[in-house]
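An overview of the molecular structure
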Amino acid sequence: MPPITPENLGDRTLPREEPAPKPVMPAWRTWVSSPWSMSVYAALVGVSLGAVVGGGLANEVTLDIDGDLRTLRSFAGSVEGVLDSAGVRYSAGDHVKPGPGERVGDGTTIVVRHARPLTLIMDGKRSTHMITALNVGDALEDLKLDPARLRLSANRMRQIPVSGFKLSVKTQRKVYIVAEKVRIATITTGRTVSQVLEQANITLAKGDTVRPSLSTFPKEGSVIRVVPALPPRTIPISPNVAALNWAGLADCESHGNPKAYNPGGPYYGMYQFSLPMWRAVGGTKTPIDWPAEEQTYRAQLLFQRVQGRWQGQWPHCGARLGA
């Protein structure tokens, strides 16, 4: 049969050409290219990471570095490894807990406190301490100092930087002051006996003596004695009178007690003076207000005044003098 050409086609019509069918994609390739596949991928990645963490390969660790908290994930198996990977440096004097060689697990908290110098000026005395406490209150506790008994130059919550801090401290102490016949108990922060007396509004008269000395540091429970100036001694005692057995006389009269008191007279002190006789030889107040040496001086002066006739003053014990 001859081929069909436009010339011999005549009224006949060519058959319509149908489009070539599209190739059918496999179902798995269609799913991979769908938008939903990305969500599934992300979920699978999350499950994989969770498996890594859950399997012990990575741990969630909290770092407390001088009070600064942060959380990280680490594959390190020890505290030392975690700190090294986090860039945290420490030295032998620092506080690290758990210890650098200990193992870490999921949820471990590692605490690091870097040592810092604290210059403590306590009652004027300076000392330096390396501490790991972050504030003044904790530092005092570490040093076993009771803040309730201290006056501080800074608030107890004051932060102590790693570069160091200077803290002035005055301790509060209970001391006793004995002046004349008065005994006073006082709480003081004074660094010297002189400051304690000033805080207690005690003014010293000319010639008064203080024991211990005015420059002494008054410790807890100290007794500060103010001894008034002795009355003037204008009359000298002759060597012969001074050489008599005054200790024997005092022992007989009062057992040598400068504070002895006999209400029968009344009589006072080591040599049992009556007040009129005491004042006759220049004594002031009463004999028991004065130390033994003042009482002895007045007794010797009396002996000179009566020219050795001791019987009127010491009828029972005067013979002990050996005059």
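None of these values were measured; they are calculated from a predicted model. (Residues numbered from 1 in each chain as written. Predicted model: local features only at pLDDT ≥ 70, side-chain atom pairs only at ≥ 80, totals over all residues. Heavy atoms only, no water.)

Before going further, it helps to spend a moment on the overall build of the protein chain. Per the secondary structure count, the protein chain includes ten helices and 14 strands. Within the protein chain, contacts between residues separated by at least 24 positions form 44% of all contacts whose residues are at least 6 apart in sequence. (Helix = DSSP H or I, 4+ residues; strand = E, 2+ residues; numbered from the N terminus. Contact = heavy atoms within 4.5 Å.)

A regular strand carries its side chains on alternate faces of the sheet. A large share of strand β1 (residues 59-65) lies buried, amounting to five of its seven residues. As paired elements, β1 and strand β2 (residues 68-74) share seven bridges and run antiparallel to each other. Bridge pairing in β2 places D64 opposite L69. Hairpin remark: β1 followed by β2, antiparallel, with two residues in the connecting loop; positive phi at D66, about 50°. (Buried < 20%, exposed > 50% of the residue type's maximum accessible area, 1.4 Å probe, protein only. Pairing = 2+ DSSP bridges.)

Moving on, we get to the sheet that holds strand β8 (residues 165-171). In spatial order, the strands read β6-β5-β8-β7; together these four strands make up an open sheet with mixed pairing. Across the chains shown, the open sheet's two edge strands, defined by having one partner strand only, are β6 (125-131) and β7 (150-152). Going across the sheet, the axis of each strand differs from the next one's by a mean of 30°, ignoring polarity. (Axes fitted to C-alpha atoms, helices over the stretch in contact; angles between N-to-C directions.)

Right, let's talk about the environment of D138 for a bit. Structurally, the position occupied by D138 is in helix α5 (residues 136-142). For D138, a relative accessible area of 36% puts it in the partly exposed group. Separated by 19 residues in the primary sequence, D138 and M157 have C-alpha atoms spaced 8.5 Å apart.

This part covers the nonpolar core. Within soluble globular proteins, side chains that are nonpolar generally end up buried alongside one another. Among the nonpolar cores identified, the biggest contains 21 residues, and W246, L249, Y271, F273, F303, W314 and L321 are the most heavily contacted of them. Those elements that place two or more of their residues in this core are α8 (246-254) and α10 (292-305). Take this core: its biggest share by element is five residues, from α10. Residues contacting W246, with those up to four places away along its chain left out, are V241, Y271, T296, A299, Q300, F303, W314 and L321. Residues L63, I65, L72 and V88 belong to the second largest nonpolar core, which totals 14 residues. (Core = buried A, V, L, I, M, F, W, Y, C linked by side-chain atoms within 4.5 Å.)

Attention now moves to the layout of surface pockets. When its volume is computed, the largest pocket comes out at roughly 450 Å³. Along the wall of the largest pocket there are 19 residues; nearest its centre are V226, V227, P228, K259 and D289. Breaking the lining of the largest pocket down by element, the ones donating at least two residues are β11 (209-211) and β12 (223-227). Here the lining of the largest pocket gets three residues from one element, more than from any other, and that element is β12. (1 Å grid on protein atoms, 1.4 Å probe; cavity = no way out; pocket = protein on both sides within 12 Å on 5 of 7 lines; lining within 4 Å. Points joined across faces, edges and corners; volume = space filled by probe spheres on them.)

As enumerated under the stated definition, the model contains one disulfide in all. Linked covalently through their sulfurs, C252 and C317 form a disulfide whose S-S length is 2.0 Å. The sign of the S-S torsion, about -65°, decides the handedness of the disulfide formed by C252 and C317: left-handed. Of this pair, C252 sits in helix α8 while C317 sits in the segment after α10, and the two are 65 residues apart along the sequence. Judged by its relative accessible area of 27%, C252 falls in the partly exposed class. (Disulfide = S-S within 2.5 Å.)

Looking only at α8, the buried set comprises W246, G248, L249, A250 and S254. Among the residues trailing α8, H255 stands out with phi positive, at a value near 60°.

Further remarks concern the pairing of strand β9 (residues 173-179). In terms of burial, β9 is largely enclosed, as five of its seven residues are buried. Between β9 and strand β10 (residues 182-188), which follow one another and run antiparallel, lie two residues, and E180 among them has a positive phi close to 60°. Both β9 and β12 contribute to a ladder of four bridges, which runs parallel. By the bridge assignment, A179 is partnered in β12 with V226.

Right, let's talk about the packing of aromatic side chains for a bit. Two measures describe an aromatic ring pair: the distance that separates the ring centres and the angle between the ring planes. Going through the model one piece at a time under the given rule, you end up with five aromatic pairs. Relative to Y271, the ring of W246 has its centre 6.1 Å away and its plane inclined at 85°; by these criteria the two rings are edge-to-face. Of this pair, W246 sits in helix α8 while Y271 is found in the loop between β14 (267-268) and α9 (275-280), placing the two residues 25 residues apart along the sequence. Each of the two residues, W246 as well as Y271, counts as buried. (Phe/Tyr/Trp six-rings, centres within 6.5 Å; stacked < 30°, edge-to-face > 60°.)

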